[in-house]
Amino acid sequence: MNKTLVIAEKPSVAQDIVRALTPVAGKFDKHDDHFENEHYIVTSAVGHLVEIAAPEQFDVKRGKWSFAHLPVLPPYFELKPIDKTKSRLNAVVRLAKRKDVARLINACDAGREGELIFRLIEQYAGGGKPLGKPVQRLWLQSMTPQAIRDGFEHLRSDEQMRGLADAARSRSEADWLVGINGTRAMTAFNSRDGGFFLTTVGRVQTPTLSIVVEREEKIRAHRPRDYWEIHASFLAEAGEYPGKWFDPAFKKPGGEDADPDLRADRLWDQREALAIVEAVRGKAASVTEERKPTTQACGLLYDLTSLQREANGRFGFSAKTTLQLAQSLYERHKALTYPRTDSRALPEDYLGTVKQTFEMLAGSGMAHLAPHAKTALDNHYIRPSKRIFDNSKVSDHFAIIPTLQAPHGLSEAEQKLYDLVVRRFLAVFFPSAEFMVTTRISKVLNHHFKTEGKVLVKPGWMAVYGKEAAEDVEGAKDGDKGQNLVPVREGETVRTESVEAKGLKTRPPARYSEATLLGAMEGAGKLVDDDELREAMQEKGLGTPATRAAIIEGLLTEKYLLREGRELIPTAKAFQLMTLLRGLAVEELSKPELTGEWEYKLAQMEQGKLSREAFMTQIAAMTERLVKKAKEYDRDTVPGNYATLQAPCPNCGGVVKENYRRYTCCGADGNSEGCGFSFTKSPAGRTFEVAEAEAFVRDRHIGPLDGFRSKAGWPFVAEMTLKYSDEDKNWKLEFDFGDDKNAEETGELVDFAGQESLGACPVCGAPVFEHGSNYVCSKAVPTAAQPTPDCTFKSGKIILQQPVAREQMSKLLATGKTDLLDKFVSMRTRRNFKACLVWDKEAGKVNFAFEPRESKFPPRKTAGAAAKAAPAKKVAAAKKAPAAKKAAAPKAPRKTSAASGKQPSAALAAVIGDAPVSRPEVVKKLWDYIKAHGLQDAGDKRKINADDKLRPVFGKDQVTMFEIAGIVGQHLAN
C-alpha cells in the first residue's frame, strides 16, 4: 500500500499530528526517527537541516578575501547538510526515498521559513532537483487535534504555495549574496594596508548597528544646557500639596529641526525663573480641578521579542539568555508553548485549552499563582475576546503561554521566566485596572502650577502582580504627580506656602539596552519614510523574533558593540564601519529601507506579482554596485568626523589627529604634514578606541588587549608599545608578546617599590609582583635586596590568549586555584576551551585543571550491579596488579637533555663541576663560589674580581654582577 510522508518542522509538532490522526487513521507505531501506520509516516526536522552554499569554484576562502575574487555571483546554489543535524537529515531523506512513499505533505510551520525548510529538504533528497513525488501543504495556525484534522481535510496544492516558496528561496539567497559580498568587499578595503581586518556586514546586522551608532552620535554631540523648573507647595484647609509651574500656551514644536529639549514646564532664563518665584511667594492662588475615571488594560500576551524585552528590563537577562531559558521550558520541561513566535494572540478555537490551563494552575502547588487562576475561574473571566483570540493575528505560531503541564525542578532563572509568562497569561483575562485621575491647576496671578494625582480604585489585573494599593501606581512622582491629593473645596483660595527655582541640565538620550534595542528592531519600520516600504515592514521589523537575539550577540562577538551593565555601547570599529559605508555611498546597507524594500518585493512575489528571476537580477545588480564602489574608491582617506588627541606627538610634540586609517602627527599647528609619526588605527584587525589611542601615545605602551587577528584570521591577545627606531628617527608601533628572555639575561635590577604584592610565592613564600608581561616572585629576578635570583616562580599575564587578571592570580596564590576561565585558545586546534589555573607542586609550575565532563549517556544500573560491584573491583585490582608491579620497578636514570640541563665548558667545569646543569643553577653555584672566596670588590659590591679559576670564564679580571648571566650562556652547550 502506498503511504504519505508527513514532514513537520519540530518533533513536538510531529507528535501532535500523530495524536490528532490516530482516531481517524489508526494507531501509529513509534520508531527511532518517525511514526508509522498503514496510511501515514510522520517525521520531523529540527529546524533547518540544509543550508545553501555557493558551488565550490565560487566559495571564496578566507585567504583570498581580495577584490580580485569579487563579486561572488554563482549561477546557482548548491545545498549542504548542517553538520550537527546530519543524522536527522539522513533519516528524513531515507523515508522520502522509500518506494512505498507516494506523496509528501509539508507540515512545517505556516510561514516563509517553514516553506524554505521543507523545500530545501525535498531538493536535497532529489539530488538537487525536485524529488518527483506529489507535494501538498498542511497549513496550521492552531495545534488542537480538531484544527490539525481540519487542516488535513483542506490541504493546499503545491502550485498554491509556489509564490511563498519562491519568496523563501529568494530571501535566503539574497541574504547570502549581500552578506558574503559586502563582508568580503569591506574586509578587502580595510585590509589594503596589510593584515586581516574582518569587517562583517549584513542586511539585518548593519542597520541594527546603525541604530545604536546614531544614538551614540547624538549622545556625543549633546551639549548640556541649563534650564530651571519652579516647584511650589500650596497650603489648603485640609493640608499641603505640591505643584509645578508650566506654560499653558506651550505647543510642542514639530519638524526635523525641532528642539527635543523644549517642555511646557522648563524655563531657559534664570532671571525669568527667579522673577516668577518672587512674584508668587506667599500669594493666594485660585484652584480649578478636573477629576475623571480612567481604565488601563493588561498588556498583550508575550511574543518572543516582548518577552525578551521584559526579562531584560526586570531581571537583566540578555536576549540570548531569555531565548535559551524559554527554549528549555519548551523542550525540556514542556511547560511553555513554542517560544520563537512573533504573534501575541491565540487561535480562536483555543478557549477550551485556555480553561484547562487555568484549571491546571488553580490546582497546582504554586501558591503565588494558583489563587489568581482560581479567582479567574470562579468569576468567569475566561471569555472569548478579539484582543486575545484572533486568527488574523496568528502567523506561523501563536503567543507564548503555559502548557497543561506544571513544571518541576526549574532553575531559579527558569522559574523567573515561567512566572513572568504565567502572570501575563493570567492577567490578560482579568478586568482592566480602574483609576481616578485628578488634574489640579493652581493659578497665582498669571502663573499656572499643575498637580496630578492618580489613585488606584480597582486593581483588576494588577492584583496578579500584587498591586493592590495607590502606592503601587507606576509613574507617580513626588512634586508634580502626588498620588493621594489633599482635598480642596470648590471656590477655596489656597496660599503659596513655599516656592523655589531648581537649576537643572538637559540630558542626552539614553543608550540602548537589549530591551530597548529589541523594541527598536521590532519597530524599525517606523524609521522608513516610504509609505509602501513602511507598510511592508509593519509586521516584520529588522530580523525575526527568533533571530534578533543572535543578531545582537553577533554584534557583540565581532566587537561592534560592548555590553556594560545593561547598556550596549558601539565601539570604534562600529563607527569606522558607518564612516566607510557613508564615504563609499553605500548607505543602503545601514538603513532599514533595504529590508522594507525586500519585504515589499517578497510580498509581491508571494502574490504572483513579481517573478523570482526579476528580484534576483536586482539583487545581483545591487551586489555588483556595492563591490564596485569599494573596489574603485581611490582617495587616501574616507571623509568622516575624526578625533584630535590631547597627547602630543612623542617625536616632535605636535598635534596627533585621526583619519580613516591612521593616527598621524599634523605638526605644531595641527594642519601641516608633521614629522612623519603615525600608527595604524587597526593593528591586526583590532580598532583603537580614541581613549586607548590617547593612552597609547601618552604612555607609549598599552595592553594586554584582545580582539586581534593574525593574517590567517586567528584571534590573539597582545600588548603594544611605541619604540624608537634609530633607522627611521621616529617612533613605531610594535607588538609585545611578553618575550622578555633578553631582559632577564641582562641582570638589570628590578625595583618593586610602590607595588602591591599579589600574595606569597608558592615556591619560597616571598611576595609576588607584576613584572613586564608576567607575575614573578620577587626572588626570581635581580633586586637591590637580592641581586642573585634564587627562585623560579613566574607565570604569564596572558596564557594561550587568556588574560589572567590580578585578582585571579591572587586567588591562585591564596588557594592554589583560579576561577574557571573561558577564553583559552588551543595552539593545536585553535578552539576555545575552559579551564582553571592551578599550582602544580610536583611540576613546580602553573598548570591547567579541567572540569570533569559528565557523560551524556550515564551507564545504566542493572539489578545485580550492586551485588557485583565488590567482586568487579577485586577483578579489576587483580588485572592491574602486574602493571602495578611493573610500575614499581626502579627507573633507569634519565638522560640529560636540553630541557633538563646543559654541559658546562672545561673552564666553567673547573669552577662548578662537569655535571649537566641549568643556567639558574650555574649562576647560583658561581655566586656560592664568589662569596666563599670573598671575590666581591670591597669598594663596589656590584663588581666581581676574577681569581685564577674565574679568569678563563670571565675572559677578564673584573666583571659586573649584571654581566654574569650573559657570560654563563657562552659556557653552556646542549
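About the thresholds
- Residues numbered from 1 in each chain as written.
- Predicted model: local features only at pLDDT ≥ 70, side-chain atom pairs only at ≥ 80, totals over all residues.
- Heavy atoms only, no water.
- 1 Å grid on protein atoms, 1.4 Å probe; cavity = no way out; pocket = protein on both sides within 12 Å on 5 of 7 lines; lining within 4 Å.
- Points joined across faces, edges and corners; volume = space filled by probe spheres on them.
- Helix = DSSP H or I, 4+ residues; strand = E, 2+ residues; numbered from the N terminus.
- Nonpolar A, V, L, I, M, F, W, Y, C, P; charged D, E, K, R; others polar.
- Axes fitted to C-alpha atoms, helices over the stretch in contact; angles between N-to-C directions.
- Parallel < 35°, antiparallel > 145°, perpendicular 65-115°, else oblique.
- Contact = heavy atoms within 4.5 Å.
- Buried < 20%, exposed > 50% of the residue type's maximum accessible area, 1.4 Å probe, protein only.
- Arc of directions from axis to C-beta.
- Pairing = 2+ DSSP bridges.
- Core = buried A, V, L, I, M, F, W, Y, C linked by side-chain atoms within 4.5 Å.
- Phe/Tyr/Trp six-rings, centres within 6.5 Å; stacked < 30°, edge-to-face > 60°.
- Lys NZ or Arg CZ within 6 Å of the ring centre and 35° of its normal.
- Left-handed = near helix turned anticlockwise from the far one by under 90°.
- Expected span 1.5 Å × (residues − 1).

S.K.: Before we move on, could you go through empty space enclosed by the protein and cite the residues and values that matter?
M.R.: With the rule as written, the count across this model stands at one cavity of 30 Å³ or more. One number sums up the size of the largest cavity: a volume of about 30 Å³. As for the largest cavity, its lining consists of I7, A96, L104, F118, I121, E122, A125 and L131. Counting residues per element, the lining of the largest cavity draws most heavily on helix α3 (residues 112–125), at four residues. Of the residues that constitute the lining of the largest cavity, the class distribution is seven nonpolar, no polar and one charged.

S.K.: Can you explain the packing of α3 against helix α5 (residues 162–190)? Please cite residues and give values.
M.R.: As a packed pair, α3 and α5 sit with axes 8 Å apart at the nearest point and diverge in direction by 85°. Relative to α5, the element α3 lies roughly perpendicular. Between α3 and α5, the contacting residues are R112, E113, E115, L116, R119, L120 and Q123 on the first element and R162, L164, A165, A167, A168, R169, R171 and S172 on the second.

S.K.: Explain helix α21 (residues 806–815) to me, and be specific about the residues and the numbers.
M.R.: Every buried residue of α21 is accounted for by Q808, M809, L812 and L813. Along the axis of α21, the buried positions cluster into a sector of 140°, meaning they face one direction only. Among the exposed residues of α21, those oriented more than 90 degrees off its buried face are E807, A814 and T815.

S.K.: Break down the sheet that holds strand β32 (residues 845–849) for me, with residues and values.
M.R.: Strand order in the open sheet formed by three strands is β30-β31-β32, and the pairing between neighbours is antiparallel. Taken across any chain shown, the strands that pair with only one partner, and hence form the sheet edges, are β30 (821–825) and β32. Neighbour-to-neighbour, the strand axes of this sheet turn through a mean angle of 60°, independent of strand direction. Both β30 and strand β31 (residues 832–840) contribute to a ladder of three bridges, which runs antiparallel. Bridging across to β31, L821 finds its partner in A835.

S.K.: Would you mind going over the sheet that holds strand β27 (residues 794–796) in detail, with residue names and values included?
M.R.: As summarised here, the arrangement of the four strands in space is β24-β25-β26-β27, forming an open sheet in which the pairing is antiparallel. In the strand order of this sheet, the two ends are held by β24 (759–760) and β27, each with one partner. In terms of strand pairing, strand β25 (residues 767–771) meets strand β26 (residues 774–777) through four bridges, oriented antiparallel. The residue of β26 that forms the bridge with H771 is N774.

S.K.: Explain the nonpolar core to me, and be specific about the residues and the numbers.
M.R.: Counting residues in each nonpolar core, the largest one holds 85 residues, and the members touching the most others are M186, L209 and F615. Considering each element in turn, this core owes the most residues, ten residues, to α5. Leaving out residues up to four positions away in the same chain, F615 has contacts with S170, A174, W598, K601, L602, M605 and L610.

S.K.: Lay out the packing of aromatic side chains in plain terms, naming residues and giving numbers.
M.R.: In the structure shown here, the tally under the stated rule is 31 aromatic pairs. Ring pairs connect the aromatic residues Y663, F677, F679, F688 and F696, which therefore count as one cluster. The aromatic ring of F246 is capped on one face by K450, whose charged end is 5.0 Å from the ring centroid. In this structure, R686 packs its charged tip against the face of F708, placed 5.9 Å from the ring centre.

S.K.: Describe in detail the packing of helix α8 (residues 304–315) against helix α12 (residues 412–427), supporting the description with residues and values.
M.R.: Between α8 and α12, the shortest axis-to-axis distance is 11 Å and the interhelical angle comes to 120°. The angle between α8 and α12 falls in the class oblique. Seen along the crossing, α8 lies across α12 with a hand that is right-handed. Counting all contacts with α8, which are made through L307, E310, A311, R314 and F315, the residues of α12 involved are K416, L417, L420, V421 and R424.

S.K.: Can you tell me about the pairing of β32, naming the residues and giving the values?
M.R.: In terms of strand pairing, β31 meets β32 through five bridges, oriented antiparallel. Looking across to β32, one finds that C836 is bridged to A849. Linking β31 to β32, which pair antiparallel, is a turn of four residues; within it G844 sits at a positive phi near 70°.

S.K.: Describe helix α10 (residues 351–363), naming the residues involved and giving the relevant values.
M.R.: For α10, built from 13 residues, the straight-helix expectation of 18 Å at 1.5 Å per residue is met to within 8% by its first-to-last C-alpha distance of 19 Å. Within α10, burial applies to V354, T357, F358, M360 and L361. Buried residues in α10, looked at end-on, bunch into an arc of 160°, giving them a common side. Its buried side turned inward, α10 meets α11 (370–378) and α12.

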